[in-house]
Amino acid sequence: MRIEQELKLGFKDVLFRPKRSTLKSRSQVNLTREFTFKHSGRQWCGVPVIAANMDSVGSFGMAEALAKYDVITAIHKHYSLQEWQAFVQAADAETLKHVMVSTGTSDADFTKMQDTLALSDDLMFVCIDIANGYSEHLVEFVERVRSALPDKVIVAGNVVTGDMTEELILAGADIVKVGIGPGSVCTTRVKTGVGYPQLSAIIECADAAHGLGGQIIGDGGCTCPGDVSKAFGGGADFVMLGGMLAGHKESGGDIVVKDGESYVKFYGMSSKSAMDKYAGGVAQYRAAEGKTVLLPYRGSVEDTIQDILGGVRSTCTYVGAANLKELTKRTTFIRVREQENNVFGKES
Ligand code: 5GP
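Rules used in this analysis
- Residues numbered from 1 in each chain as written.
- Predicted model: local features only at pLDDT ≥ 70, side-chain atom pairs only at ≥ 80, totals over all residues.
- Heavy atoms only, no water.
- Core = buried A, V, L, I, M, F, W, Y, C linked by side-chain atoms within 4.5 Å.
- Buried < 20%, exposed > 50% of the residue type's maximum accessible area, 1.4 Å probe, protein only.
- Helix = DSSP H or I, 4+ residues; strand = E, 2+ residues; numbered from the N terminus.
- Contact = heavy atoms within 4.5 Å.
- Phe/Tyr/Trp six-rings, centres within 6.5 Å; stacked < 30°, edge-to-face > 60°.
- Near = heavy atom within 4 Å.
- Polar contact = N/O pair within 3.5 Å; in protein donor to acceptor, adjacent residues only side chain to side chain.
- Areas by Shrake-Rupley, 256 points an atom, 1.4 Å probe, with all protein chains shown as cover.
- 1 Å grid on protein atoms, 1.4 Å probe; cavity = no way out; pocket = protein on both sides within 12 Å on 5 of 7 lines; lining within 4 Å.
- Sits in = over half its atoms within 2 Å of the grid points.
- UniProt positions renumbered as here; feature names shortened; annotations may be inferred.
- Pairing = 2+ DSSP bridges.
- Right-handed = clockwise from strand over helix to strand, strands pointing away.
- Axes fitted to C-alpha atoms, helices over the stretch in contact; angles between N-to-C directions.
- Parallel < 35°, antiparallel > 145°, perpendicular 65-115°, else oblique.
- Left-handed = near helix turned anticlockwise from the far one by under 90°.
- Nonpolar A, V, L, I, M, F, W, Y, C, P; charged D, E, K, R; others polar.
- Points joined across faces, edges and corners; volume = space filled by probe spheres on them.

Novice: Would you take a moment to explain the nonpolar core for this structure?
Specialist: The nonpolar side chains of soluble globular proteins are, as a tendency, buried together. Core analysis: the largest hydrophobic core is formed by 101 residues, its most contacted members being Trp 84 and Leu 245. For this core, the leading source of residues is helix α11 (residues 301–319), giving seven residues. Those residues in contact with Trp 84 that lie beyond four places of it in its chain are Phe 60, Ile 75, Tyr 79, Val 99, Met 100, Val 101, Thr 116, Leu 119 and Leu 123.

Quick look at the structure:
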């Protein structure tokens, strides 16, 4: 047994130190970034925020709505090939360039992923997603996908440390997805005791990935626009959001009416709700590692995404960053014991 003594940080442990700025307005901040990916050589330009591949977030409706803001949607893996066909036929090229095709790592997943990607050349991202990215099986699967699809952008995860980030990039991933345990409907830390505070995970994995010419996605744990900024400030190239984009008209969850109020059911992809829906229940050998919550229905996602992007633009003006790359360079975090003043509770 060994204990690492260095304190690891989450979003709530820090704030940005403001810096002298020549920017006069948030409108001078540009949130689009351009990437050329390491293995695929593909180029992509857009706002590097991603709706999570959860079945009540990463829906086709979400992709249509967020592409207008140049934001990506990782489509959840439970759509059939027929549903994908209909979506690809109806969507324009710009929308398809803002979509990730999610997949697990079974042989059936591999075949379905290939059939889905074959529907359009504009589908350029594949997101290979398993809860425990430390499995050797993931590395082998990434190698297999890389050799079958040399010109697709491969996202692989989830991991939280530099060593495994490097291994996935060397196996063929362009982008590594980072986050174990921080999610809003995740119970991994409670069920297993495993996890890593998300800001430190981002800082350490970004450093490892950038050293090899790869990128990372900070996935999970953002509860407010300030957290999204902190993820970018810590070095995340992309930030993935589940809970912050759930509960909307476009999210795809069922609306439930309770005591005259509308709610949307939101659940983790390893929750009992998800396993009942897709796997015929929780298998005997495992425990659910996600929970189910009812969120107040929030209407269209457009107001929410504008609020998030507006918040990140504002962070940039406070630290004098004209774009996201400069935000990381101009970030000094101060460690804190307090965040917001909550004396009046939530806004009414
Ligand atoms: P959020 O933005 O809601 O805090 O986090 C979203 C992320 O939580 C997802 O992208 C995914 O990585 C993770 N996640 C989703 N469902 C589950 C689950 O059931 N269990 C765990 N451990 N993580 C989940």
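Alright, that's what it looks like, and here's the rest.
Novice: Is there a simple way to explain the packing of aromatic side chains in this structure?
Specialist: Applying the stated criterion across every chain, the model contains 12 aromatic pairs. For the pair Phe 35 and Phe 37, a centre-to-centre distance of 5.8 Å together with 20 degrees between the ring planes defines the contact as stacked. Looking at Phe 35, the relative accessible area reads 3%, which means it is buried. Exposure remark for Phe 37: the relative accessible area of 1% places this residue in the buried category.

Novice: Help me understand the site of the ligand, please; the structure alone is not making it clear to me.
Specialist: Taken together, 20 residues lie around the ligand, and Ser 184, Thr 188, Asp 219, Ser 270 and Glu 289 are the ones closest in. Side-chain polar atom of Thr 188 to a nitrogen atom of the ligand: 2.7 Å apart, as the coordinates give it. Burial of the ligand by the protein amounts to 90% of the accessible area it has alone, namely 530 Å². In a pocket analysis with a 2 Å cut-off to the grid points, the ligand is assigned to the second largest pocket.

Novice: It is not clear to me how the UniProt feature "active site" (unreviewed entry) in the protein should be interpreted in this structure. Could you clarify?
Specialist: Here, the residues flagged by UniProt with the feature "active site" (unreviewed entry) are Cys 186. Tracing the chain through its elements places Cys 186 in the loop between β8 (175–178) and α7 (188–192). Classification of Cys 186 as partly exposed rests on a relative accessible area of 22%. Those residues in contact with Cys 186, other than ones at most four positions away along the chain, are Gly 181, Glu 289 and Gly 290.

Novice: I keep staring at the pairing of strand β5 (residues 99–103) and nothing clicks. Help me out?
Specialist: Counted residue by residue, β5 has five buried out of five residues, so it is predominantly covered. Residues of β5 alternate between two faces, with Val 99, Val 101 and Thr 103 on one and Met 100 and Ser 102 on the opposite face, all of them buried. Judged from the four bridges that link them, β5 and strand β6 (residues 125–129) form a sheet pairing that is parallel. Bridge assignment links Met 100 to a residue of β6, and that residue is Phe 125. Taken together, β5, helix α4 (residues 107–117) and β6 form a β-α-β motif whose crossover is right-handed.

Novice: Before we go on, may I ask you to explain the sheet that holds strand β13 (residues 292–296) in this structure?
Specialist: Remark on secondary structure: sheet strands pair via backbone hydrogen bonds, oriented parallel or antiparallel. The strand order across the open sheet built from three strands is β11-β12-β13, with neighbouring strands paired in antiparallel fashion. Here the strands that pair on one side only, and so sit at the sheet edges, are β11 (255–258) and β13. If you compare each strand with its neighbour and ignore which way they point, the axes differ by 40 degrees on average. Where β11 lies against strand β12 (residues 261–267), four bridges are found, and the strand directions are antiparallel. When the sheet's bridge partners are listed, Val 257 is paired in β12 with Ser 262.

Novice: What am I meant to see in the environment of Val 88 here?
Specialist: Within the element layout of this structure, Val 88 appears in helix α2 (residues 81–90). Judged by relative accessible area, Val 88 falls into the buried class, the value being 12%. When the C-alpha positions of Val 88 and Thr 116 are compared, they lie 9.4 Å apart, and in sequence the two are 28 residues distant. Setting aside chain neighbours within four positions, we find Val 88 in contact with Leu 96, Leu 119, Ser 120 and Leu 123.

Novice: Explain the packing of helix α9 (residues 225–233) against α11 here, please?
Specialist: Each pair of packed helices can be described by the angle between their axes along with the distance between the axes. Axis separation between α9 and α11 bottoms out at 8 Å; the angle between their running directions is 55 degrees. Relative to α11, the element α9 is oriented oblique. Crossing of α9 against α11: the hand is right-handed. The segment α9 lies against α11, with Pro 225, Val 228, Ser 229 and Phe 232 engaging Asp 307, Ile 308, Gly 311, Val 312 and Thr 315. Residue composition of the contact of α9 with α11, by class: five nonpolar, three polar and one charged.

Novice: So what exactly am I meant to see when it comes to the packing of α4 against helix α5 (residues 136–148) here?
Specialist: As a packed pair, α4 and α5 sit with axes 12 Å apart at the nearest point and diverge in direction by 30 degrees. Taken together, the axes of α4 and α5 are roughly parallel relative to one another. The handedness of the crossing between α4 and α5 comes out as right-handed. Side by side, α4 and α5 meet where Asp 107, Phe 110, Met 113 and Gln 114 of the first sit next to Phe 141, Arg 144, Val 145 and Ala 148 of the second.

Novice: What exactly am I supposed to notice about the layout of surface pockets here?
Specialist: A volume near 1600 Å³ is recorded for the largest pocket. Looking at the largest pocket, it is lined by 47 residues, and the ones nearest its centre are Thr 223, Cys 224, Pro 225, Asp 227 and Glu 340. Elements represented by at least two residues in the lining of the largest pocket include exactly β1 (14–16), α9, β13 and α11. Grouping the constituent residues of the lining of the largest pocket by class yields 19 nonpolar, 18 polar and 10 charged. By volume, the second largest pocket amounts to about 1400 Å³. For the second largest pocket, the lining is made up of 50 residues, of which Asp 129, Ile 130, Ala 131, Met 269 and Ser 270 are closest to its centre. For the lining of the second largest pocket, the secondary structure elements donating two or more residues are β5, α7, β10 (238–241) and α10 (272–278). Looking at which element gives the most residues to the lining of the second largest pocket, the answer is α10, with three residues. Partitioned by chemical class, the residues of the lining of the second largest pocket number 22 nonpolar, 22 polar and six charged.

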